[in-house]
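What the coordinates show
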Amino acid sequence: CRAIVDVDLETGAPTVRWLGVAVDVGHVLNPLQARGQVLGAAVQGLGFALSERLDFSHDGRLLTAGHADYGTPRAFEIRQEPGSLPEIVPVTSRRP
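Residues numbered from 1 in each chain as written. Predicted model: local features only at pLDDT ≥ 70, side-chain atom pairs only at ≥ 80, totals over all residues. Heavy atoms only, no water.

Focus: the overall build of the protein
Short version of the rule: Numbering of helices and strands starts at the N terminus; helices are DSSP runs of H or I of at least 4 residues and strands are runs of E of at least 2. Whether two residues are in contact is decided by their heavy atoms: any pair within 4.5 Å suffices.
Across its full length, the protein holds 1 helix and 3 strands. The helix and strand sequence of the protein, counted from the amino end, reads β-β-α-β. A separation of at least 24 residues holds for 38% of the contacts in the protein among residues at least 6 apart in sequence.

Below is the structure:
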């Protein structure tokens, strides 16, 4: 997975300009569903890298214990334009 990300120097807000994903999915029965699975995994990875966080109290208790608390990207936050992210490159391997 590779990404080109711009960062606003004033706010620190990231903007993903391009995301490339190479996957070995084996024999695909439903290409649309396979693309959705890959897109979901890519977005989850981006969220982990760019926005998710764990906050703890002074006595060590986890304050961000659920998805609503720690910045997981939501569907409406992921802008998709025709031909934009992600670029999915299928990688096949021959298995005995």
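On we go from here.
Examining the confidence of the model for the protein
What counts here: Summary of the metric used: pLDDT quantifies the predictor's per-residue confidence within the range 0 to 100.
Of all residues in the protein, 74% attain a pLDDT of 70 or more, and the chain-wide mean is 76. Mean pLDDT across the secondary structure elements of the protein bottoms out at strand β3 (residues 87-90), with 55, and peaks at strand β1 (residues 2-7), with 86.

Let's talk about the pattern of salt bridges
Rules: Salt bridges, as used here, are contacts in which a Lys or Arg side-chain nitrogen is within 4 Å of a carboxyl oxygen on Asp or Glu. Any residue under 20% of the maximum accessible area for its type is buried, any over 50% is exposed, and the rest in between are partly exposed; the area is computed with a 1.4 Å probe on protein chains only.
Within the structure shown, the criterion is met by 2 salt bridges. The partner of Asp 6 in a salt bridge is Arg 17, and the shortest N-O contact between them spans 2.6 Å. With Asp 6 in strand β1 and Arg 17 in strand β2 (residues 14-23), this pair connects stretches of sequence that are 11 residues apart. One salt bridge in this structure joins Asp 59 and Arg 61, with 3.3 Å as the shortest N-O distance. Relative accessible area serves as the criterion here: at 57%, Asp 59 is assigned to the exposed category.

Quick look at the pairing of β1
The following threshold applies: Following DSSP output, two strands are said to pair if at least two bridges run between them.
Bridge count between β1 and β2: 6 bridges; the pairing is antiparallel. For Val 5, the partnering residue across the bridge sits in β2 and is Val 16. Following β1, the chain reverses through 6 residues before pairing antiparallel with β2; Gly 12 in that reversal takes a positive phi of roughly 80°.

A short note on a nonpolar patch on the surface
Where we set the bar: Each patch is assembled from residues with relative accessible area greater than 30% and no salt bridge, linking like charges that lie within 9 Å and nonpolar side chains (Val, Leu, Ile, Met, Phe, Trp, Tyr) that lie within 5 Å. Accessible surface is estimated by sampling points in the Shrake-Rupley manner with a 1.4 Å probe; for residues, cover comes only from the protein chains shown.
Taken together, the side chains of Val 5, Val 7 and Leu 50 present a nonpolar region at the surface, about 220 Å² in accessible area. By relative accessible area, which is 31% here, Val 5 ends up partly exposed.

As for the nonpolar core
For the record, the criterion: Take the buried residues of types Ala, Val, Leu, Ile, Met, Phe, Trp, Tyr and Cys, join any two whose side-chain atoms come within 4.5 Å, and each joined set is a nonpolar core.
Leu 19, Val 21, Val 23, Val 38, Ala 42 and Leu 46 form the largest nonpolar core, which has 6 residues in total. Elements with a minimum of two residues in this core: β2 and α1 (31-50).

Comments concerning the side chain of Thr 64
Keep this limit in mind: Under this definition, polar contacts are N or O atom pairs within 3.5 Å; protein pairs additionally need one hydrogen-donor-capable and one acceptor-capable atom, and for neighbouring residues in sequence, both atoms have to be side-chain atoms.
Here Thr 64 shows up in the loop between α1 and β3. Classification of Thr 64 as buried rests on a relative accessible area of 5%. A polar contact of 2.9 Å, which involves the side chain of Thr 64, links it to the backbone nitrogen of Asp 55.

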